[in-house]
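Residues per chain are reported as follows:
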Amino acid sequence: MTDTLAPAIHAKIKAYLERLDVAVGSFPHAEARDIVREIQAHISDKLGGDSNDAAVEQVLASLGPPEALARNFRMELLLTRASRSFSPWFLLRTTGRWARTGAKAFAVFMIALVGYSVGLALTTTLIMKPFVPSVGLWVGQGSLDFGTPSNMAHMHELLGQAYVPVTTALAFVIVFGTTRALQWLIQKRSPYAPSYR
Amino acid sequence: MAKNGNSAPSDGWEAQLRKGCLEMAILAALWDRRLYGLEILRALSSRSKMDIAEGTIYPILARLKAEGLLQSEWVGAEAGHPRKYYWLTAVGRRRLKEQIDSWMSFSSNLSAMLQPIIGGDR
């Protein structure tokens, strides 16, 4: 137990745990409390009976800064949750955070960004369609445009009445496909914990 | 990530190899017993010579639990404070067996390739 330790050592451990408590502050309450308790138990067990200042320093150093510890917990838990999530917003946010940790994670984030942007753009054209009837799939002059082209003169619309059902299906396939791809890529991430910086 | 591969190339390679096997080693440590975090660290260090930074084990345990491979419970100990014990779920046992299968076939195939080199050196 930490309360049998000398006051200075006790204060050092307490300060570490308080910093950890703040760092996990945004976690669900039960999870946060669990983490702090577990680390507290770890410190007590490592120190055992004989605890001097150097031993405490060594134990805390081997745990790393509490903020880094909290970051590793958050990343592991977020990615696990994201690998099962069907929420584009959650997947985008999580991969965005993950993107800072390396090139592969950044590439995954780019897939999320592109896939969901295209899905959003297509959905926007669907919402516009009742108000702006010229919205459609326009081809001509070597280009293919969803929406309303600036110069309709040399272009024609392909889908006509089928615009809404076809675009709805396309948007769904792109968003759903992006979601499944992200889930898969997150699941296939390296099965160990790199140090998330 | 780059932090770990910065010493001699062979050290970086070995570190990557160990890290890649870390999950399997954690699951293996829990095969026939319930352990708390520090005991898992000690099992890794003494039985597989895997010394990892102590702070890294707890986030990994949290993930393995979130993935349904482990279950945990707080147990009050004679030490005076409760400890969080982990054990394998059925899913965890299955995952471990799959990993062992891949590991065994991978390492025996590679050994077959390395054998002539080891023999030829003598």
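Enquirer: Would you take a moment to explain a nonpolar patch on the surface for this structure?
Expert: Residues I100(B), W103(B), M104(B), F106(B), L110(B), M113(B), L114(B), I117(B) and I118(B) make up a contiguous nonpolar surface patch of roughly 860 Å² in combined accessible area. Structurally, L114(B) can be placed in helix α5 (residues 90-121).

Enquirer: Quick question: what am I supposed to make of the pattern of salt bridges here?
Expert: Where side chains of opposite charge bring their charged atoms close, a pairing between them can arise. All names here are of chain A. Evaluation of the coordinates by the stated rule reveals 15 salt bridges over all chains. A salt bridge links K12 to D53, with the shortest nitrogen-to-oxygen separation between them at 3.0 Å. Here the residue K12 occupies a position in helix α1 (residues 7-23), and D53 occupies one in helix α3 (residues 53-63), the gap between them amounting to 41 residues. Here E31 ties to R81 by a salt bridge, and the two come within 3.3 Å at their closest N and O atoms. In this pair, E31 sits in helix α2 (residues 29-47) while R81 sits in helix α4 (residues 66-82), placing the two residues 50 residues apart along the sequence. A residue is classified by how much of its surface remains accessible, and R81, at 37% relative accessible area, is partly exposed.

Enquirer: Whenever I open this one, the packing of aromatic side chains confuses me. Can you help?
Expert: Aromatic ring pairs: the centre-centre distance and the angle between the two ring planes describe each pair. Enumeration over the complete set of coordinates arrives at four aromatic pairs over all chains. On the basis of an interplanar angle of 55° and a centroid distance of 6.1 Å, the ring pair of F146(A) and Y163(A) is categorised as tilted. Of the two residues, F146(A) is situated in strand β2 (residues 143-147) and Y163(A) in helix α7 (residues 163-187); the sequence distance between them amounts to 17 residues. Residue classification places F146(A) among the partly exposed residues on the basis of a relative accessible area of 36%. On the accessibility criterion, Y163(A) (0% relative accessible area) is buried. Plain terms: the ring middles of F172(A) and F176(A) are 5.7 Å apart, the flat faces sit at 10° to each other, and that makes the pair stacked. Of this pair, F172(A) and F176(A) both sit in helix α7, four residues apart, which is roughly one turn of the helix. On the basis of relative accessibility, which here comes to 56%, the residue F172(A) falls in the exposed class. Judged by relative accessible area, which is 37%, F176(A) ranks as partly exposed. Here the guanidinium or amino end of R93(B) rests over the ring plane of W31(B), the centre of that ring lying 4.1 Å away.

Enquirer: Please clarify how the sheet that holds strand β3 (residues 82-88) of chain B should be interpreted in this entry.
Expert: Residue and element names in this part refer to chain B. The three strands are arranged β1-β3-β2 in an open sheet whose pairing can be described as antiparallel. The sheet is open, and its two edges are formed by β1 (35-36) and β2 (70-76), each paired on a single side. In this sheet, β3 lies alongside β1 in antiparallel orientation, the contact comprising two bridges. Bridge assignment links Y36 to a residue of β3, and that residue is Y85. Across the face of the sheet, helix α4 (residues 54-66) comes into contact with β2 and β3 while running at roughly 120° to β2.

Enquirer: Could you clarify how one ought to interpret the pairing of β2(A) in this entry?
Expert: Taken residue by residue, a regular strand's side chains alternate between the two faces of the sheet. Residue and element names in this part refer to chain A. Note that strand β1 (residues 136-140) and β2 share five bridges and pair antiparallel. Paired with W138 across the strands is D145, a residue of β2. Here β1 hands over to β2 after two residues, with Q141 in that stretch at a positive phi of 50°.

Enquirer: So what exactly am I meant to see when it comes to the interface of chain A and chain B here?
Expert: Interface size is commonly expressed as the accessible area that is lost once the parts come together. If you look at the interface, chain A gives 28 residues, while chain B gives 28 residues. Where chain A abuts chain B, roughly 2,700 Å² becomes buried across the two surfaces, and 55% of that area is made up of carbon and sulfur atoms. Applying the counting rule to chain A against chain B returns four salt bridges. K84(B) is the salt-bridge partner of D34(A), the closest N and O atoms lying 2.7 Å from each other. Going through the elements one at a time, α2, α3 and α4 of chain A are the ones with two or more residues in the side of chain A that touches chain B.

Enquirer: What is the right way to read the sheet that holds strand β3 (residues 156-157) of chain A from this model?
Expert: Sheets are built from strands that pair by backbone hydrogen bonding, the pairs being arranged parallel or antiparallel. Residues and elements named next belong to chain A. Strand order across the open sheet formed by three strands is β2-β1-β3, with antiparallel pairing between neighbours. Every interior strand has two partners, whereas the edge strands, β2 and β3, have only one. In the packing of α7 onto the sheet, the strands contacted are β1, β2 and β3, and the crossing angle to β2 comes to about 95°.

Procedures and definitions
Residues numbered from 1 in each chain as written. Chains lettered and ligands numbered in written order. Predicted model: local features only at pLDDT ≥ 70, side-chain atom pairs only at ≥ 80, totals over all residues. Heavy atoms only, no water. Patch = residues over 30% accessible without salt bridge, like charges linked within 9 Å, V, L, I, M, F, W, Y side chains within 5 Å. Areas by Shrake-Rupley, 256 points an atom, 1.4 Å probe, with all protein chains shown as cover. Salt bridge = Lys/Arg side-chain N within 4 Å of Asp/Glu carboxyl O. Helix = DSSP H or I, 4+ residues; strand = E, 2+ residues; numbered from the N terminus. Buried < 20%, exposed > 50% of the residue type's maximum accessible area, 1.4 Å probe, protein only. Phe/Tyr/Trp six-rings, centres within 6.5 Å; stacked < 30°, edge-to-face > 60°. Lys NZ or Arg CZ within 6 Å of the ring centre and 35° of its normal. Pairing = 2+ DSSP bridges. Contact = heavy atoms within 4.5 Å. Axes fitted to C-alpha atoms, helices over the stretch in contact; angles between N-to-C directions. Buried area = accessible area lost by both parts, 1.4 Å probe.

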